[in-house]
Amino acid sequence: MKKNPKPTALKDNIKPDGKWRSAAEYVITFLAVFVIFVFCRGLNIKNNEQLSFVIILIAFGALAFYALWLYSKGKMTAEKAIGLVIAAGFILRIGYMVYTHMFTRGHDLGTFSADVHKDWPGHLGYIYYIFQNNSLPDVNTYQLYHPPLYHISAALMVKFASIFVGTSNMQAPFEFAQIVNCFVSCAMLLTVRNFISELDIDKKFLPWIMLVTAFSPTLIQMGGRLNNDMFATFFMLLCIVNTYRWYSKRDMKSIIYLALSFGFGMMSKISCGTMALFTGPVMLYVLYKDFKNKNVKNTVIQLAAFAVICLPLGLWYPIRNLIMFNQPLTYVLEMKPSDYVYRGNLPKSELFFSFSLPQLYTQPFVDIFKDNSVWMTLLRTSVFGEATFEKKEIVAGILNIVNLVISVGSLAAMVFVLIKGKKIRPRYRYGLFALWLIMMASYIQFNYAYPAFCTAHFRYIPLTSLIGSIYIAYAMWLLSGKKYKNYIYIAFMICICLWCLLIGIIYA
């Protein structure tokens, strides 16, 4: 086998091709999601699983045929491979939205009613109240304590849809709210592509990162739900991306984008503020360096602009609730001992140190009443959420094992890159590890402080899979073409391909 040249450090001022960052792509993506939804609803394909699966298979078949044609003609490039992977991700996300009812596999939906004083107001009631009253709820019970960006966006979509489908049956316009999260889930693929194009790595390894993101079951499911998890994840990603870009460029445009990412993220879910544990030290480091170089004025102005934009956007709702309801700024809804998901009565050793490899195969799906292990729940929910896929138990069991292998492999790749990746810029080599550490530490602390089954769900840390896939790609790059070690590189390829295939069987 011909050896690849030794990886070398790339130039510091890498910039993605301008076409990658065109706003038109996002507009076109939204229109595509909207039009397909309307088309499928008009033809009674919406919520019809069998017919939807046939259409998804046809779409994947056409995509595979085009990929084979490109390969046979010698026209397959890294950029085209990434485009094909993104198209596959779009098919999975839009297809899932089409065949999944808005009440299916949801989280904290509550009562389908605008009466937030009488009924149990989850995310549905939150959207319903805004739609009906054109104002925010005057109580903060159940899910109403969350900031309202997603719920306002969904209510606007419902209001728009009601013009055409009426309000005699409120489920009809409410279905259109699925478009919002589905679009954001698709848009996330474009953002990930833009970000990884800036990494110092051979471009031919980038499609492997995109595969993990495009086929992420968590992102697929969140794209069909009616809650704020998808918004929070997307804006957390933007916080990361724009932190890196501001560090590279140090210009006002980048700091404004970063401020908006944090502001809108905290308007979606206050936990987005944890990204400040990454961005804050970066800002202090830049300030320190500029102070030493006696060039601190521009940095101070930019940080002031960040504060002026970010703080009002991110904190107005928590401050509102603090004044109106005496709700703490970092309030989290706690489970009571009587709740079936409560795990505070169990020893911490059972929550954090119990694990059964055979059960991942024999019991592939979670049992929300009996499962206690944080790590078992994390692995299972990362591929199935809290759902059970009937007649697919064998495939699901195999997927759990493959998922575990990739998870362990990503940790090994992370350690390998941290030790051997001397040609990789420290901002990626160590910075991504710092990000992963922040997310995992927050996750563990969250489960320690609020022990409950739902707290252990992977939907709180889906970006760890992106970071893991980047380290896998870096490891594949460093290992490629090297005697013996090349087998590890090939093993990563096989595992990722098998993982994607099994997910396609489950979700398509």
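Because the structure is predicted, anything quoted here is derived from the model rather than measured.

Undergrad: Please provide a residue-by-residue account of the overall build of the protein chain, values included.
TA: Counting its secondary structure elements, the protein chain contains 21 helices and zero strands. For 508 residues, the compact-globule estimate of 2.2 N^0.38 gives 23 Å, and the C-alpha radius of gyration of the protein chain, at 23 Å, lies within 12% of that figure. Residue burial in the protein chain is summarised as follows: out of 508 residues, 53% are buried. Total accessible area computed for the protein chain in this model is approximately 22900 Å², and 66% of it derives from carbon and sulfur atoms. Mean positive and mean negative side-chain charge positions of the protein chain (47 and 24 charges, respectively) differ by 14 Å.

Undergrad: Hey, could you go over the pattern of salt bridges for me, with residue numbers and the actual values?
TA: The tally for this structure, following the rule as stated, stands at nine salt bridges. Glu-79 is the partner of Lys-203 in a salt bridge, and the nearest nitrogen-oxygen pair spans 3.1 Å. Taken as a pair, Lys-203 in the loop between helix H7 (178-196) and helix H8 (206-214) and Glu-79 in helix H3 (residues 78-99) lie far apart in primary sequence, 124 residues in all. Among the residues examined, Glu-79 registers a relative accessible area of 28% and is labelled partly exposed. When the shortest N-O distance is used, the salt bridge between Arg-459 and Asp-108 registers 3.9 Å. Of this pair, Arg-459 sits in the loop between helix H19 (431-449) and helix H20 (463-479) while Asp-108 sits in the loop between H3 and helix H4 (123-133); the two residues are 351 residues apart in sequence, bridging distant segments of the chain. Residues participating in the shared-partner salt-bridge network are Asp-108, Asp-229, Lys-269 and Arg-459.

Undergrad: So what about the nonpolar core? Which residues, and what values?
TA: Counting residues in each nonpolar core, the largest one holds 157 residues, and the members touching the most others are Phe-215, Leu-435, Tyr-474 and Trp-499. Broken down by element, the residue count for this core peaks at 14 residues, all from helix H10 (residues 229-249). Membership of the second largest hydrophobic core comes to five residues, among which are Val-341, Val-366, Phe-453 and Cys-454.

Undergrad: Break down the side chain of Asn-403 for me, citing the residues and quoting the values.
TA: With respect to the helices and strands, Asn-403 occurs in helix H17 (residues 393-420). Dropping the residues within four chain positions of it, Asn-403 is found in contact with Leu-379, Ser-382, Val-383 and Trp-499.

Undergrad: So what's going on with unusual backbone geometry? Which residues, and what values?
TA: Even without being glycine, Asp-108 reaches a positive phi, approximately 55°. Overall, Asp-108 belongs to the partly exposed group, its relative accessible area being 30%. With a phi angle near 55°, Arg-250 is a residue other than glycine that sits in the positive phi range. The class of Arg-250 is partly exposed, set by a relative accessible area of 27%.

Undergrad: Which residues make up a nonpolar patch on the surface, and what values go with them?
TA: Residues Ile-319, Leu-322, Ile-323, Met-324 and Leu-329 make up a contiguous nonpolar surface patch of roughly 460 Å² in combined accessible area. Following the sequence through the fold, Leu-329 ends up in the loop between helix H13 (297-325) and helix H14 (348-353).

Undergrad: Describe in detail the packing of helix H5 (residues 149-165) against H7, supporting the description with residues and values.
TA: Look at H5 against H7: their axes get within 8 Å of each other, and the N-to-C directions meet at 120°. As judged from the angle between their axes, H5 and H7 are oblique. Contacts between H5 and H7 involve Tyr-150, Ser-153, Ala-154 and Met-157 on the former and, on the latter, Ile-179, Val-180 and Asn-181. Along the lines of polarity and charge, the residues of the contact of H5 with H7 split into five nonpolar, two polar and no charged.

Undergrad: Requested: an account of the environment of Asp-138, with residues and values cited.
TA: Examined against the element boundaries, Asp-138 turns out to sit in the loop between H4 and H5. Looking at Asp-138, the relative accessible area reads 39%, which means it is partly exposed. Excluding residues that lie within four positions of it along the chain, Asp-138 makes contacts with His-117, Tyr-129, Met-324 and Phe-325. Engagement of the side chain of Asp-138 in a polar contact is seen with the side chain of His-117, the distance being 2.7 Å.

Undergrad: Outline the packing of H7 against H10, listing residues and values.
TA: Direction vectors running N to C along H7 and H10 enclose 20°, while the axes themselves pass 10 Å from each other. One element, H7, and the other, H10, form an angle in the roughly parallel class. The handedness of the crossing between H7 and H10 comes out as left-handed. Judged by residue contacts, Val-180, Asn-181, Val-184, Ser-185, Ala-187, Met-188, Thr-191, Val-192, Asn-194 and Phe-195 of H7 engage Met-230, Phe-231, Thr-233, Phe-234, Leu-237, Leu-238, Val-241, Tyr-244 and Arg-245 from H10. Tallied by class, residues from the contact of H7 with H10 come to 13 nonpolar, five polar and one charged.

Undergrad: Tell me what's going on with helix H21 (residues 486-507), and back it up with residues and numbers.
TA: With 22 residues, H21 should reach 32 Å at 1.5 Å per residue; the first-to-last C-alpha distance of 32 Å fits that figure. Of the positions making up H21, those classed as buried are Asn-486, Tyr-489, Phe-492, Ile-496, Trp-499, Cys-500, Leu-502, Ile-503, Gly-504, Ile-506 and Tyr-507.

Undergrad: Got a sec to walk through the packing of aromatic side chains? Specific residues and values, please.
TA: Taken as a whole and assessed by the stated rule, the structure comprises 38 aromatic pairs. Ring plane angle 55° and centroid distance 6.1 Å describe the contact between Tyr-96 and Tyr-507, whose orientation is recorded as tilted. Within this pair, whereas Tyr-96 is found in helix H3, its partner Tyr-507 is found in helix H21, the two being separated by 411 residues in sequence. For the pair shown, Tyr-96 and Tyr-507 are each scored as buried. Arranged with centres 6.1 Å apart and planes meeting at 45°, the rings of Trp-375 and Tyr-443 form a pair that is tilted. Of this pair, Trp-375 sits in helix H16 (residues 374-384) while Tyr-443 sits in helix H19, placing them 68 residues apart in sequence. Residue Tyr-443 is classed as buried on the basis of its relative accessible area of 2%.

The rules we used
Residues numbered from 1 in each chain as written. Predicted model: local features only at pLDDT ≥ 70, side-chain atom pairs only at ≥ 80, totals over all residues. Heavy atoms only, no water. Helix = DSSP H or I, 4+ residues; strand = E, 2+ residues; numbered from the N terminus. Rg over C-alpha atoms; globule rule 2.2 N^0.38 Å. Buried < 20%, exposed > 50% of the residue type's maximum accessible area, 1.4 Å probe, protein only. Areas by Shrake-Rupley, 256 points an atom, 1.4 Å probe, with all protein chains shown as cover. Lys, Arg positive; Asp, Glu negative; His and termini not counted. Charge placed at Lys NZ, Arg CZ, Asp CG, Glu CD. Salt bridge = Lys/Arg side-chain N within 4 Å of Asp/Glu carboxyl O. Core = buried A, V, L, I, M, F, W, Y, C linked by side-chain atoms within 4.5 Å. Contact = heavy atoms within 4.5 Å. Patch = residues over 30% accessible without salt bridge, like charges linked within 9 Å, V, L, I, M, F, W, Y side chains within 5 Å. Axes fitted to C-alpha atoms, helices over the stretch in contact; angles between N-to-C directions. Parallel < 35°, antiparallel > 145°, perpendicular 65-115°, else oblique. Nonpolar A, V, L, I, M, F, W, Y, C, P; charged D, E, K, R; others polar. Polar contact = N/O pair within 3.5 Å; in protein donor to acceptor, adjacent residues only side chain to side chain. Left-handed = near helix turned anticlockwise from the far one by under 90°. Expected span 1.5 Å × (residues − 1). Phe/Tyr/Trp six-rings, centres within 6.5 Å; stacked < 30°, edge-to-face > 60°.

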